[in-house]
There are 4 protein chains.
Amino acid sequence: MTDPATTDGPDDYVRTSIGSATPDTITVAGLDLPSEVMGRLSLTELAYLLLVGREPTNGERRLLDAVLVSLADHGLTPSALSARLTFTGAPEAPQAAVAAGLLGAGSVFLGPAGDTAEFLADALAGRTGAALSDDQLREIARDAVAARVAQGERVPGLGHPVHRDTDPRTPRLYALADEEGVLGPHLRLLRFVADAVGEGRPRPLPINGAGAAGAVLVDLGIPPTSARGFVLIARTAGLVAQLAEEARHPIGRKVWLELEERAQPLDD
Amino acid sequence: MTDPATTDGPDDYVRTSIGSATPDTITVAGLDLPSEVMGRLSLTELAYLLLVGREPTNGERRLLDAVLVSLADHGLTPSALSARLTFTGAPEAPQAAVAAGLLGAGSVFLGPAGDTAEFLADALAGRTGAALSDDQLREIARDAVAARVAQGERVPGLGHPVHRDTDPRTPRLYALADEEGVLGPHLRLLRFVADAVGEGRPRPLPINGAGAAGAVLVDLGIPPTSARGFVLIARTAGLVAQLAEEARHPIGRKVWLELEERAQPLDD
Amino acid sequence: MTDPATTDGPDDYVRTSIGSATPDTITVAGLDLPSEVMGRLSLTELAYLLLVGREPTNGERRLLDAVLVSLADHGLTPSALSARLTFTGAPEAPQAAVAAGLLGAGSVFLGPAGDTAEFLADALAGRTGAALSDDQLREIARDAVAARVAQGERVPGLGHPVHRDTDPRTPRLYALADEEGVLGPHLRLLRFVADAVGEGRPRPLPINGAGAAGAVLVDLGIPPTSARGFVLIARTAGLVAQLAEEARHPIGRKVWLELEERAQPLDD
Amino acid sequence: MTDPATTDGPDDYVRTSIGSATPDTITVAGLDLPSEVMGRLSLTELAYLLLVGREPTNGERRLLDAVLVSLADHGLTPSALSARLTFTGAPEAPQAAVAAGLLGAGSVFLGPAGDTAEFLADALAGRTGAALSDDQLREIARDAVAARVAQGERVPGLGHPVHRDTDPRTPRLYALADEEGVLGPHLRLLRFVADAVGEGRPRPLPINGAGAAGAVLVDLGIPPTSARGFVLIARTAGLVAQLAEEARHPIGRKVWLELEERAQPLDD
């Protein structure tokens, strides 16, 4: 039987500090929503505050928004197509179409942001990040890459099916981080990781936008395990825009009818 | 057989202006992402640009962010609980937990933003919004309310299961809109709608935060049918924060075990 | 404050009769799972038992399975494509791909099963279904159709984007129902509904498979509001098969790359 | 530019053998749906046919249904609760509530079926399964367990948060498999795996129902990578039943209100 002493009292496990509401107040991140948040903080700033525990500086906010806008959309991705197709079958439930689009934001396309964040954070765990020299980072990079290879796993944050030489988002993120003085050890390490992976290859693998984004987020103090979730905020915005366009100029139904017409038997 | 003339050529139906990518460039909202968006626009501004076709003014951006932060979180909502419970069963797929949380953002809790936006927009359709007097709006409100009642449908944007007298977000949104000079006809109409519904009731129903948000979004030019999607961006941010906390201080598993222990047979 | 008298005790609201588990037992539908269900009931029979409260007869089970197999798959539907595309982005979470596919099973494609079930059940509410003559059903059909038209709503269960003359599933369902002696008033009414809608049209609209399925389910005693959920069981099976094939012969990635290549700007 | 030779012609990549439709026919698994499937195959049989390429024998079908009914429901699981909570927020979209419930069927609760299937299949890869003696299987089990431990990973298919001594589904699945003559090498190996893990532990870890189910499915010829998807069919049935009950006797809203009332600040 449930011990009543552990429910509905000071020992109750139901605890949260994200937000709460009473009949007359709404609190979020410990602040009164109407008077201390609305009209003062942007959504980006609130998201950071909830994940890190403090408000970002102006420079940090600029980088956060740069990360978010860089990952909001990338054309007719599998994620965007899935959202549009779901909308085709269920136009009465737009949240279902957005959810379907987010479900495809997994290990292949958006996952690299969080995977890279965690990879870099693990590599630097226990090291005094800021004081590391280039040589030290180079060595850490080599070790981390060797460990991934030994486990038969890919190194995250590198390569892109479309941007084969340079992902145009990456140099811009590095430049902005430098400009705002937040180019930290994770971003620096990621460059050496790319070098280490590139050794012995005819062509280096570029740092992709999601990987660079993951490094930025960790350098800004966002917990590595929250990086992948953070970029979902951006993807939601992109999907909402895709669906608004789909409602005006539908292509989902035409894609379906075209592919079903073209479909031929598969000889397995 | 598919007519090749309609695929892969100037008559191809596969058209989008949200974004695109080539090996060396990424375009979003018609702008070059790295040089014209990253470091200049916030996610909120990009979302607005994609939905409306122009960048928001400073005042408009302030209202947009006020709407978004006001709807990001509301404590342990069914949406937040669903996300936490999904994370309990599938911690390896955070996008699944966020998606599960968004799926509950339907007609009851977040839907009112879009429902109210569409309701107000329909009521003002074909009227020169800005030039309407209070008396005209009062009459439009009465007619719109009467029509909903005649169809046996509720008037959206009013009432809240927790905030029974005043939803604290509402007066703040109206004050900010007034301050920034964007208190438009939809926001004004909503007040008269609340009055019309309140007539003959012992207590008026308050305008809820989602309803006021919907009115703000339409007054700012966001297509009414995109309002519900727009607020999903905010909800994603709140859910990401809920999941970050769940990872540190899990309650999902405890909720499950407590409820399963308490469960008794149902005599149907 | 929560009244402890209403939690964890005889007045606790946490009640369910679907199933429960103790350390040594598992109960489902009031039966001991290992000894009374496993090896005796099929999944179809258990689903029916949970929704209706008794086990189906052999004839009823044959119709239930006929409904389910008829709605499991329909080629590369938007639902199947969405699942495959989600799998392309998140191959590590198959439940996400299946979920994405189900999300598109809304009002357009699978919804008609439940919509038709509810429509027919509403039309026959309070009438002694079995004793109704053809003439009575014809009149009920005309009234129900007229009411939908007056509300500006479509009559569910008719028409199909591919099967424009006859949906091949429909005559088979009627024949099987007749064979098994379960061709009830809802199936009979649906024919008169199709006739009523067809009056004054150059060509009649065929009863579609989902609509016929909805009528079968209600005639078999499944609550109308559960009909749409019931057919989701079938769609899950179809999606699992689509994903197994996608894993062997991926087309999701190629669809994405082809459409992104073909995409051209949209002049809005 | 897309090479037209690779689209809409014999080299087109759009190939599937799950199903297709023309205006007058529907094909699934290579059979004519109305005449060869409806009224003859159950959903379970069709699902197997689609995944394996042949119809199951009666004994195989009995085991398949035993697996499915054993995993359809387990009381108020996080999955069931998530579905009910989603329904609370979005009652207009039942497919969203089912999808939300499935999303939680991940690595913790339902994943073990597929994880165990893949683990056992990998261990027996390239061995002539049927001819293996107990001693050979014992050795294979020890090696496979040792390899998992060396990688710091858990052995799947063992243990359960509720059934700490014996999962009641397991002995029943083994008995049924034996009775039907399909107790194959994967089921046999799983016993030795449990023994190997149990060595050196004060108490053995029981084979859980999902793990035994995974072994059954592989012994029946279902591709290991499709096992997790297959059990989702069962979970969909259970969730549909949970939602039908929620519609009659809602607990989602009460859970929400109770937990929000009990929530206290979290000191992080």
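Keep in mind the model is a prediction, meaning the values are calculated, not measured.

> When you look at the relation of the copies chain B and chain D in this model, what are you seeing that I'm missing?
In summary, the two copies of the chain are related to each other by a rotation about an axis coupled with a shift along it. In the superposition of chain B on chain D (RMSD 0.0 Å, axial shift 0.0 Å), the rotation amounts to 180 degrees. Look at the turn and shift together and you get a two-fold axis relating the two. When you check the interface residues of chain B against chain D, 100% turn up at the interface there too, and the contact is symmetric in its surfaces.

> Just checking my understanding: could you explain the sheet that holds strand β3 (residues 31-32) of chain A for this structure?
Either a parallel or an antiparallel arrangement is found when strands of a sheet pair, and the pairing is made through backbone hydrogen bonds. Residues and elements named next belong to chain A. What the three strands build is an open sheet, ordered β1-β2-β3; its pairing is antiparallel. Unpaired on one side and paired on the other, β1 (19-21) and β3 mark the two borders of the sheet. Examined bridge by bridge, strand β2 (residues 26-28) and β3 share two bridges and lie antiparallel to one another. Directly across from T27, in β3, lies its bridge partner D32.

> Sorry, what's going on with the interface of chain D and chain C here?
Counting residues at the interface gives 83 residues for chain D, matched by 83 residues for chain C. The contact between chain D and chain C buries some 6600 Å² in all, and 69% of this surface belongs to carbon and sulfur atoms. By the criterion of area lost to chain C, the three top residues of chain D are Y13, M38 and L43 of chain D, representing 11% of everything that side buries. Between the two partners, chain D and chain C, sit zero salt bridges. Across the contact surface, chain D and chain C share 25 residue pairs in polar contact (both at pLDDT 80 or more). For the side of chain D that touches chain C, the element with the most residues is helix α11 (residues 224-248) of chain D, which contributes 14 residues. Per-class residue counts for the side of chain D that touches chain C are 45 nonpolar, 22 polar and 16 charged.

> Quick question: what am I supposed to make of the sheet that holds strand β1 (residues 19-21) of chain D here?
Judged by pairing direction, the sheet is antiparallel, and its three strands sit side by side in the order β1-β2-β3 (chain D) without closing on themselves. Pairing within the sheet leaves two strands with one partner each, and these edge strands are β1 and β3 (31-32) of chain D.

> Even after reading the chapter, I still don't get the interface of chain B and chain D, so can you show me in this structure?
The parts lose accessible area when they come together, and the size of an interface is often stated as this lost area. Taken residue by residue, the interface counts 42 residues in chain B and 42 residues in chain D. Put simply, chain B and chain D have three salt bridges between them. Between E258 of chain D and R262 of chain B there is a salt bridge; the shortest N-O distance is 2.9 Å. Counting only elements with at least two residues in the side of chain B that touches chain D, the list comes to α4 (78-89), α5 (94-103), α11 (224-248) and α12 (252-262) of chain B. Here the side of chain B that touches chain D is built from residues that sort into 20 nonpolar, 12 polar and 10 charged.

> What exactly am I supposed to notice about the relation of the copies chain D and chain C here?
Structural alignment of chain D on chain C gives an RMSD of 0.0 Å, achieved by rotating through 180 degrees and translating 0.0 Å along the axis. When the interface residues of chain D are mapped onto chain C, 100% of them are again interface residues, pointing to one common binding face.

> What is the right way to look at the pattern of salt bridges in this model?
If the charged atoms of two oppositely charged side chains come close together, the side chains can form a pair. Residue and element names in this part refer to chain B. Evaluated as defined, the whole model comprises 66 salt bridges over all chains. Between D165 and R203 there is a salt bridge; the shortest N-O distance is 2.2 Å. Here D165, found in the loop between α7 (134-150) and α8 (169-179), pairs with R203, found in the loop between α9 (185-198) and α10 (209-219); they are 38 residues apart in sequence, far enough to count as distant. We classify D165 as exposed; its relative accessible area is 51%. Assessed through its relative accessible area of 47%, R203 is described here as partly exposed.

> What is the right way to read the side chain of R262 of chain A from this model?
One can find R262 of chain A in helix α12 (residues 252-262). A distance of 2.9 Å separates a polar atom in the side chain of R262 of chain A from a polar atom in the side chain of E258 of chain C.

> What should I look at first to understand the domain arrangement of chain A in this one?
You can read the domains of chain A as domain 1 (1-40) and domain 2 (57-252). Just the C-alpha atoms count here: the centres of domain 1 of chain A and domain 2 of chain A sit 33 Å apart.

> Is there a simple way to explain the side chain of R235 of chain A in this structure?
Residue and element names in this part refer to chain A. Inspection of the secondary structure assignment puts R235 in helix α11 (residues 224-248). Of the buried charged residues, R235 lacks a salt bridge, with D73 as the closest side chain of opposite charge at 6.3 Å. In this view, R235 contacts L71, A72, T77, S79, L102 and L110; residues no more than four positions away in its chain are not counted.

> Mind showing me how you'd approach the confidence of the model for chain A here?
The predicted structure's coordinates, where accompanied by low pLDDT, should not be read in detail. Residues and elements named next belong to chain A. Averaged over all residues, the pLDDT of chain A is 91; the fraction at 70 or higher stands at 95%. Element-level pLDDT for chain A is lowest in β1, with a mean of 88, against a maximum mean of 98 in helix α8 (residues 169-179). Here residues 1-6 is a poorly scored stretch, pLDDT under 50, and it has 11 contacts once near neighbours within four places are set aside; other chains count. Interface scoring of the predicted complex returns ipTM 0.93; its pTM is 0.91.

> Would you mind showing me how to read unusual backbone geometry here?
Glycine aside, a negative phi is what most residues show, and trans is what most peptide bonds show. Residues and elements named next belong to chain A. Backbone geometry places A29, a non-glycine residue, at a positive phi of 55 degrees. With respect to the helices, strands and loops of the structure, A29 is situated in the loop between β2 and β3. Since its relative accessible area comes to 23%, A29 is described here as partly exposed.

> What am I meant to see in the packing of α4 of chain B against helix α4 (residues 78-89) of chain D here?
Helices that pack against each other are described as a pair by the angle of their axes relative to one another and the distance between those axes. Between α4 of chain B and α4 of chain D, the least distance of the axes is 9 Å, while the angle of their chain directions is 160 degrees. Comparing the axis directions of α4 of chain B and α4 of chain D gives the class roughly antiparallel. The way α4 of chain B lies across α4 of chain D gives a crossing that is left-handed. Facing P78, L81, S82, L85, T86 and T88 of chain B of α4 of chain B, the residues of α4 of chain D in contact are P78, L81, S82, L85, T86 and T88 of chain D. In terms of residue class, the contact of α4 of chain B with α4 of chain D is made up of six nonpolar, six polar and no charged.

Rules of the game
Residues numbered from 1 in each chain as written. Chains lettered and ligands numbered in written order. Predicted model: local features only at pLDDT ≥ 70, side-chain atom pairs only at ≥ 80, totals over all residues. Heavy atoms only, no water. Least-squares fit on C-alpha atoms with pLDDT ≥ 70 in both. Contact = heavy atoms within 4.5 Å. Pairing = 2+ DSSP bridges. Helix = DSSP H or I, 4+ residues; strand = E, 2+ residues; numbered from the N terminus. Buried area = accessible area lost by both parts, 1.4 Å probe. Salt bridge = Lys/Arg side-chain N within 4 Å of Asp/Glu carboxyl O. Polar contact = N/O pair within 3.5 Å; in protein donor to acceptor, adjacent residues only side chain to side chain. Nonpolar A, V, L, I, M, F, W, Y, C, P; charged D, E, K, R; others polar. Buried < 20%, exposed > 50% of the residue type's maximum accessible area, 1.4 Å probe, protein only. Domains from an automatic or database assignment. Lys, Arg positive; Asp, Glu negative; His and termini not counted. pLDDT = per-residue confidence, 0-100. Axes fitted to C-alpha atoms, helices over the stretch in contact; angles between N-to-C directions. Parallel < 35°, antiparallel > 145°, perpendicular 65-115°, else oblique. Left-handed = near helix turned anticlockwise from the far one by under 90°.

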